[in-house]
Amino acid sequence: MPIESIEHVYTGHNNSIDLLLTTDGTPLADTSVITKITATFAGLLIESGDSSTPPILWDQPGFLPGEFRCYFGDSGIPAGEYEAPFVVYDPAHPDGIMWGRVFIIVHAEVEGVP
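Residues numbered from 1 in each chain as written. Predicted model: local features only at pLDDT ≥ 70, side-chain atom pairs only at ≥ 80, totals over all residues. Heavy atoms only, no water.

*Asks:* Looking at this model, I keep getting lost on the overall build of the protein. Mind explaining?
*Replies:* What the protein contains, in helices and strands, is zero helices and 10 strands. Secondary structure of the protein in N-to-C order comes out as β-β-β-β-β-β-β-β-β-β. Its C-alpha atoms give the protein a radius of gyration of 14 Å, within 12% of the compact-globule value 13 Å for 114 residues. Oriented by its inertia axes, the alpha-carbon framework of the protein measures out at about 45 × 30 × 25 Å. When burial is assessed residue by residue, the protein has 37% of its 114 residues classed as buried. (Helix = DSSP H or I, 4+ residues; strand = E, 2+ residues; numbered from the N terminus. Rg over C-alpha atoms; globule rule 2.2 N^0.38 Å. Buried < 20%, exposed > 50% of the residue type's maximum accessible area, 1.4 Å probe, protein only.)

Written out as structure tokens, the structure is:
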């Protein structure tokens, strides 16, 4: 599966990664059925099982159809470069669907404060 995008995470900060779930190039119309989204960073599993609780949000007012936002700055991911697979779960797919991989560069604290 090809890399969908290159994104940046800044340790200790609230920058978001905004991504779009699509099927054949069309944004996923109904994200309310999603029960969980996961991303894995070199064995470190990050997951959200609630659409309104970070680190991964979806199906929120003001979001585009298919949009989800990731807030990984406080997730304990070590600085480095990762090819993170994203898996999306819903009742019809309880084992999840591998949605894609995102290349993510995690930067150490930029203000010099641990």
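*Asks:* Which parts of the structure should I look at to understand the nonpolar core?
*Replies:* Within soluble globular proteins, side chains that are nonpolar tend to cluster in buried spots. I37, F41, F68, C70, F72, F86 and I104 are the most contacted members of the largest nonpolar core, which totals 22 residues. Counting residues per element, the ones that place at least two in this core are β2 (17-20), β5 (36-41), β7 (56-58), β8 (67-70), β9 (80-90) and β10 (93-107). At four residues, the largest contribution of residues to this core is made by β9. Look past the residues within four positions of F72 in its chain and what remains in contact with it is V9, I17, A39, F41, I46, P55, I56, I77, F86 and I104. (Core = buried A, V, L, I, M, F, W, Y, C linked by side-chain atoms within 4.5 Å. Contact = heavy atoms within 4.5 Å.)

*Asks:* Even after reading the chapter, I still don't get the side chain of S51, so can you show me in this structure?
*Replies:* With respect to the helices and strands, S51 occurs in the loop between β6 (44-48) and β7. In this structure S51 comes out as buried when scored by relative accessible area, which is 19%. Not counting residues up to four positions away in its chain, the partners in contact with S51 are I56, L57, W58, D59 and Q60.

*Asks:* Could you clarify how one ought to interpret the side chain of S48 in this entry?
*Replies:* Locating S48 in the fold gives a position in strand β6. Within the structure, S48 has its side chain in polar contact with the backbone oxygen of T53 (distance 3.2 Å). (Polar contact = N/O pair within 3.5 Å; in protein donor to acceptor, adjacent residues only side chain to side chain.)

*Asks:* Could you clarify how one ought to interpret the environment of E7 in this entry?
*Replies:* Its location among the elements puts E7 in strand β1 (residues 3-10). Along the chain, E7 and E81 lie 74 residues apart, while their C-alpha atoms are 10.0 Å from each other. If near-sequence neighbours (up to four positions away) are discounted, E7 is found in contact with I17, L19, V102, F103, I104 and I105.

*Asks:* When you look at the pairing of β9 in this model, what are you seeing that I'm missing?
*Replies:* For a regular strand, side-chain orientation follows a simple rule: the groups alternate between the two sheet faces. Of all 11 residues in β9, eight are buried, a share of seventy percent or more. Connecting β9 to the next strand, β10, in antiparallel fashion are two residues. (Pairing = 2+ DSSP bridges.)

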